[in-house]
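Residue strings, one per chain:
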Amino acid sequence: MRRQVQLFILLLVVCDAFGQVSYSVPEEMAKGTLVGNIAQDLGLDVKRLKLGNARVYSGDSREYVELNAERGVLLIRERIDREALCGDTTPCAVHFQIVLENPMEFYSVTVEITDINDNPPTFEKNEIKFIISESAVVGAIFDLERAVDLDVGTNTLQSYVLKPSDNFMLKLHNQADGTKNVEMVLQKPLDREKNDFIALVLTAVDGGEPQMSGTMQIFISVLDANDNAPVFTQQVYKGTVSENATKGTTVTSVRASDADHGLNGKITYSITNTLDDVRHMFEINDENGEVKLIGRLDYEKKRHFQINVRARDNGGLTDSCKVIVDVVDINDNEPTIKIMSKSTIISESAKPNTVVTMINIQDPDSDEYGKVQCFISDNIPFVLKSTSNNFYTLVTDSDLDRERASEYNITVTCSDEGVPSLSSSVTLTLQISDINDNAPVFERSSYEAYIVENNTPSLSIFTVKATDADWNQNARVSYILEDSSVNGVPVSSYVSVSADSGVIHAVRSFDYEQIKDFHFRVRAQDGGSPPLSSNVTVKIMIQDQNDNPPQVLYPVQTGGSLVAEMVPRSADVGYLVTKVVAVDVDSGQNAWLSYKLQKATDRALFEVGLQNGEIRTIRQVTDKDAVKQRLTVIVEDNGQPSRSATVVVNVAVADSFPEVLSEFTELTHDKEYNDNLTFYLVLALAVVSFLFITCLVVIISVKIYRWRQSRILYHSNLPVIPYYPPRYSDTLGTGTLPHVYNYEVCRTTDSRKSDCKFGRAGSQNVLIMDPSSTGTMQRIQSEKSILDEPDSPLEVRNIFYSSCTLLPSKTYISANSSD
């Protein structure tokens, strides 16, 4: 029978310096009942509870209390039955933690459940029967079953009442565990002839308010005399048993004796425990009193058992004793690891001591078996710290680097101190998020590339490659051509760089004779914010092609006059007639020249040096040799394919100038040619005059136009972009004729040797023969020699020729041709 009781809720709040709060609340409170203002008691703002995602963490136990984060209070979540929760354990309390995040922290909360008088005393049986001999002496004791009250304190069982009390009285014995042993004592002799059956009522009363009680019927049958009751050898027996003991293990044995003989002296043993679980754990042999284990023990659930044993003879006389059984703990529980809160992703910029995970460790074993030590693997930038008893936090121990390790599998292992030790582990996976902390790195410190001249524009030269150790957008590399100039021209007019692939393309066609090499810088920039970059120097070297034929510098081929070399008839073998001089503006083997005699009036008279171009006689000159000798010399370079040029050398075989003049006069033009020459000279003069006037007008117009343009650009902010023709050549010695060569031919009176050499500049004489006159014309040439400086950066416009007219033995003859 249950009664409704109005209770006054007394909340006891205790808050210590370690973040612990305690409350006290009666059992059986309705759902939603206020437990306490946790925000006020912890000194926290209600906003902190909401923003910190506050929640209740209770481990494996049920959550009887819930948190209202909006109000900052604790409320009853479901009805709490103290007896179901704690049994006879006092005090009864619920333990849990309030967990907060950002930053991570927790507070321990204890709610004590106080008892109310909601359970009446009860007996296991509604009735009990005794058979008592009428010879039972006054003071004989009869053991009765005790009532059980699940309440505790003053609400539990307090007293017994036996009615009627004519023959019997009650005697209570306080036990060490706080319970009372009930005995019925005969206070008046029985008389079977008067009353062979007695009915009594035993009432158990608790101390609650209002008071509650329970009853049990006692029926006594009176027999004839059995005047000796069983007697135990000791009132208290003790035994120990390991919690892992198997069923059937003997715990201890009890023994009682009876002075009677025959059937009145035969004793039977029984366990009289009622509502507790003793009968499910132990049994007693009713003949020999041996107590054995029949259930499975668990030290963590119950550590001690009290077994009440009764000895009865056939006459109904009894005696009782207690058997105290102590359960011995073994290390049979491994530590339990509970994750209270954890992060799965952390930035590599996180500072040391950043909390990653909070862990609760539980081991229900006792003493050393319940002491737990936790650790993690070495060589990782994390450390496990113990914050309080059985609570750990995993924090960063040093700086993180995603490029070195993008993910950590952290194994937390916890071991107790038992022998053998038991352990458990849990693996935490933690991702490291990336920040842009690595600049792109080129595969090389510098690059060199070769490209053959005369390439097609947009030709791919080569590729630069840079890598970034970061991830995703932070590792996306773009390539940029840095601003610079080559010979005053922006480098972007020479090459371009693909922003995505780093491929370098030629923008124009290169000419080795204009530019041999150039360098520029390429920047690699990632996609981070802010972006990081690095640069590298790239050198492009132009490779020569055989794209220029040899150019003959000497002898000069003129259109209106004929130049001849004189060879005396007394010339010996090997006489140097002249030297063919040619150049090739290409480089390397493309500029290696060879000379060959292609045609000759008399091939048996002259030869040409393969390497130096010297024309020498290969036999003695005779009188039979013709005066006029015509030699065709071909000059070839060593390129693939080779290029060549030809030159015609006229040689006069004679000892005197009149002989040469008479021979070459036969070849002059006739009178018709002279008439035509006058006409052509007049026409040429008119054309040249017209071209001169036209060029003068054009030059003046261009000058005026450029002046006006410069004035316009001067008053504007527009950039001036120079324009260079496609075949623009500089003045650094890379033109088609990079050097000036002066030639001087000298000869002494009887010298059979003559040579051409690079000499000093000066005023020299060239003899020109004309049919109508025999005069000489002096041409004033360059006054500064550049042959001593072969690398002088001058652009040569003319080739000058000089000869020495010291003696008439060798001279240059020019005569107008008849053709």
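Residues numbered from 1 in each chain as written. Predicted model: local features only at pLDDT ≥ 70, side-chain atom pairs only at ≥ 80, totals over all residues. Heavy atoms only, no water.

Draft legend 1. Structural context of the overall build of the chain. A tally of helices and strands in the chain yields six helices and 58 strands. Scored against the burial criterion, the 819 residues of the chain give a buried share of 41%. Restricting the contact set of the chain to residue pairs at least 6 apart, pairs at least 24 apart contribute 67%. Approximately 45,100 Å² of the chain is accessible, and the part contributed by carbon and sulfur atoms is 51%. (Helix = DSSP H or I, 4+ residues; strand = E, 2+ residues; numbered from the N terminus. Buried < 20%, exposed > 50% of the residue type's maximum accessible area, 1.4 Å probe, protein only. Contact = heavy atoms within 4.5 Å. Areas by Shrake-Rupley, 256 points an atom, 1.4 Å probe, with all protein chains shown as cover.)

Draft legend 2. Region of the structure containing the pairing of strand S34 (residues 446-452). Covered by surrounding structure in S34 are Tyr 447, Ala 449 and Ile 451 only, the residues Ser 446, Glu 448, Tyr 450 and Val 452 on the alternate face being uncovered. Pairing between S34 and strand S43 (residues 533-543): seven bridges, direction parallel. Of the residues in S43, the one forming a bridge with Glu 448 is Lys 539. (Pairing = 2+ DSSP bridges.)

Draft legend 3. Spotlight on the nonpolar core. Formed by 30 residues in total, the largest nonpolar core has its most connected members in Val 495, Ile 504, Phe 518, Phe 520, Val 522, Val 538 and Ile 540. Those elements giving two or more residues to this core turn out to be S34, strand S35 (460-463), strand S37 (478-481), strand S40 (495-497), strand S41 (503-506), strand S42 (517-525) and S43. Residues within four places of Val 495 in sequence aside, it is in contact with Ile 461, Leu 481, Ile 504, His 505, Val 507, Phe 510, Phe 518 and Phe 520. If you look at the next biggest cluster of nonpolar residues, it comprises 28 residues, including Tyr 23, Ile 38, Leu 100 and Val 111. (Core = buried A, V, L, I, M, F, W, Y, C linked by side-chain atoms within 4.5 Å.)

Draft legend 4. The environment of Arg 603, seen in detail. Counting through the fold element by element, Arg 603 comes out in the loop between strand S48 (593-600) and strand S49 (606-608). Judged by its relative accessible area of 47%, Arg 603 falls in the partly exposed class. Through-space distance from the C-alpha of Arg 603 to that of Leu 631 is 8.6 Å; in sequence the pair is 28 residues apart. Setting aside residues no more than four positions away along its own chain, Arg 603 makes contact with Leu 597, Gln 598 and Ile 618. Among the polar contacts made by the side chain of Arg 603, one reaches the main-chain carbonyl oxygen of Gln 598 at a distance of 2.9 Å. (Polar contact = N/O pair within 3.5 Å; in protein donor to acceptor, adjacent residues only side chain to side chain.)

Draft legend 5. Representation of the side chain of Asn 474 within the structure. Position of Asn 474 among the secondary structure elements: in the loop between strand S36 (466-467) and S37. The exposure class assigned to Asn 474 is buried, which follows from its relative accessible area of 14%. Of note is the side chain of Asn 474, whose polar atom sits 3.0 Å from the side chain of Asp 434. The residues contacting Asn 474, other than those within four sequence positions of it, are Asp 434, Ile 435, Asn 436, Asp 468, Asp 526, Gly 527, Gly 528 and Ser 529.

Draft legend 6. Looking closely at the pattern of salt bridges. A full pass over the atoms with the stated rule returns 22 salt bridges. Of the charged contacts in the structure, one is a salt bridge between Lys 50 and Glu 70, with a shortest N-O distance of 3.9 Å. Placement of the pair is Lys 50 in helix H2 (residues 46-51) and Glu 70 in the loop between strand S5 (65-68) and strand S6 (73-76), with a sequence separation of 20 residues. A salt bridge links Glu 290 to Lys 292, with the shortest nitrogen-to-oxygen separation between them at 3.4 Å. (Salt bridge = Lys/Arg side-chain N within 4 Å of Asp/Glu carboxyl O.)

Draft legend 7. Just the sheet that holds strand S3 (residues 34-36), in detail. Pairing in this open sheet of three strands is antiparallel, and the strands run S3-S6-S5 from one edge to the other. In this open sheet, the two strands that pair with only one neighbour each are S3 and S5. Taking the axes of each pair of neighbouring strands and ignoring which way they run, one obtains an average angle of 40° across the sheet. Pairing geometry for S3 and S6, over two bridges, is antiparallel. Paired with Gly 36 across the bridge in S6 is Leu 74. (Axes fitted to C-alpha atoms, helices over the stretch in contact; angles between N-to-C directions.)

Draft legend 8. Structural context of the sheet that holds strand S27 (residues 355-362). The strand order across the open sheet built from four strands is S25-S27-S30-S29, with neighbouring strands paired in antiparallel fashion. The open sheet has two edge strands with one neighbour each: strand S25 (336-342) and strand S29 (382-388). The sheet shows a mean angle of 30° between the axes of neighbouring strands, taken without regard to direction.

Draft legend 9. Structural view of the side chain of Ser 415. Relative to the helices and strands, Ser 415 resides in strand S31 (residues 407-416). Sequence-distant contacts of Ser 415, defined by excluding residues within four places in its chain, comprise Pro 335, Lys 371, Val 372, Gln 373, Phe 375, Ser 421, Leu 422 and Ser 423.

Draft legend 10. Fine view of a nonpolar patch on the surface. On the surface, a nonpolar cluster with roughly 650 Å² of combined accessible area is contributed by Phe 679, Tyr 680, Leu 683, Val 687, Phe 690 and Leu 691. With respect to the secondary-structure elements, Val 687 resides in helix H6 (residues 671-714). The exposure class of Val 687 is partly exposed, given its relative accessible area of 40%. (Patch = residues over 30% accessible without salt bridge, like charges linked within 9 Å, V, L, I, M, F, W, Y side chains within 5 Å.)

Draft legend 11. Spatial organisation of the state of the cysteines. If you walk through the whole model with that rule in mind, you get two disulfides. One disulfide in the model links Cys 374 with Cys 414; its S-S distance is 2.1 Å. The chirality of the disulfide connecting Cys 374 with Cys 414 is right-handed, given an S-S dihedral of about 110°. Taken together, the residues span a long stretch of sequence, with Cys 374 in strand S28 (residues 372-376) and Cys 414 in strand S31 at a distance of 40 residues. With respect to class, Cys 374 is no different from Cys 414; both count as buried. Here the chain pairs its bonded cysteines, counted in sequence order, in the arrangement 1-2, 3-4. (Disulfide = S-S within 2.5 Å.)

Draft legend 12. Seen up close, unusual backbone geometry. Of note, the amide linkage connecting Asn 102 to Pro 103 takes the cis form, showing an omega dihedral of 0°. Assignment of secondary structure puts Pro 103 in the loop between strand S7 (92-100) and strand S8 (105-114). Cis geometry marks the peptide bond from Val 419 to Pro 420, where omega comes out at 0°. Tracing the backbone shows Pro 420 in the loop between S31 and strand S32 (423-433). Even without being glycine, Asn 53 reaches a positive phi, approximately 55°. Considering the arrangement of structural elements, one finds Asn 53 in the loop between H2 and strand S4 (55-57).

Draft legend 13. Geometry of the packing of aromatic side chains. Under the counting rule described, the total for this entry stands at 15 aromatic pairs. Taken together, a centroid distance of 6.0 Å and an interplanar angle of 75° make the contact between Phe 142 and Phe 168 edge-to-face. Residue Phe 142 is found in strand S10 (residues 141-143), and its partner Phe 168 is found in strand S12 (residues 168-174); the two are separated by 26 residues along the sequence. Since its relative accessible area comes to 1%, Phe 168 is described here as buried. Judged by centre distance (6.2 Å) and plane angle (10°), the rings of Tyr 494 and Phe 510 are stacked. (Phe/Tyr/Trp six-rings, centres within 6.5 Å; stacked < 30°, edge-to-face > 60°.)

Draft legend 14. Inspection of the pairing of S37 at higher detail. Alternating positions in S37 separate cleanly, Tyr 479 and Leu 481 being buried on one face and Ser 478 and Ile 480 remaining unburied on the opposite face. Bridge analysis of S37 against S42 gives four bridges, and the strand direction is antiparallel. Bridged to Tyr 479 within S42 is Ala 524.

Draft legend 15. Representation of the confidence of the model for the chain. Of all residues in the chain, 81% attain a pLDDT of 70 or more, and the chain-wide mean is 80. Segment residues 1-18 is flagged for pLDDT under 50; beyond a separation of four residues in sequence, or across chains, it makes 34 contacts in the model. Throughout residues 716-819 the model reports pLDDT below 50, and contacts reaching past four residues in sequence, or to other chains, amount to 179 contacts. (pLDDT = per-residue confidence, 0-100.)

Draft legend 16. How the structure looks around the environment of Val 441. For Val 441, the location among the structural elements is in strand S33 (residues 441-442). With residues near it in sequence (within four places) discarded, Val 441 still touches Lys 465, Ala 466, Thr 467 and Ser 534.

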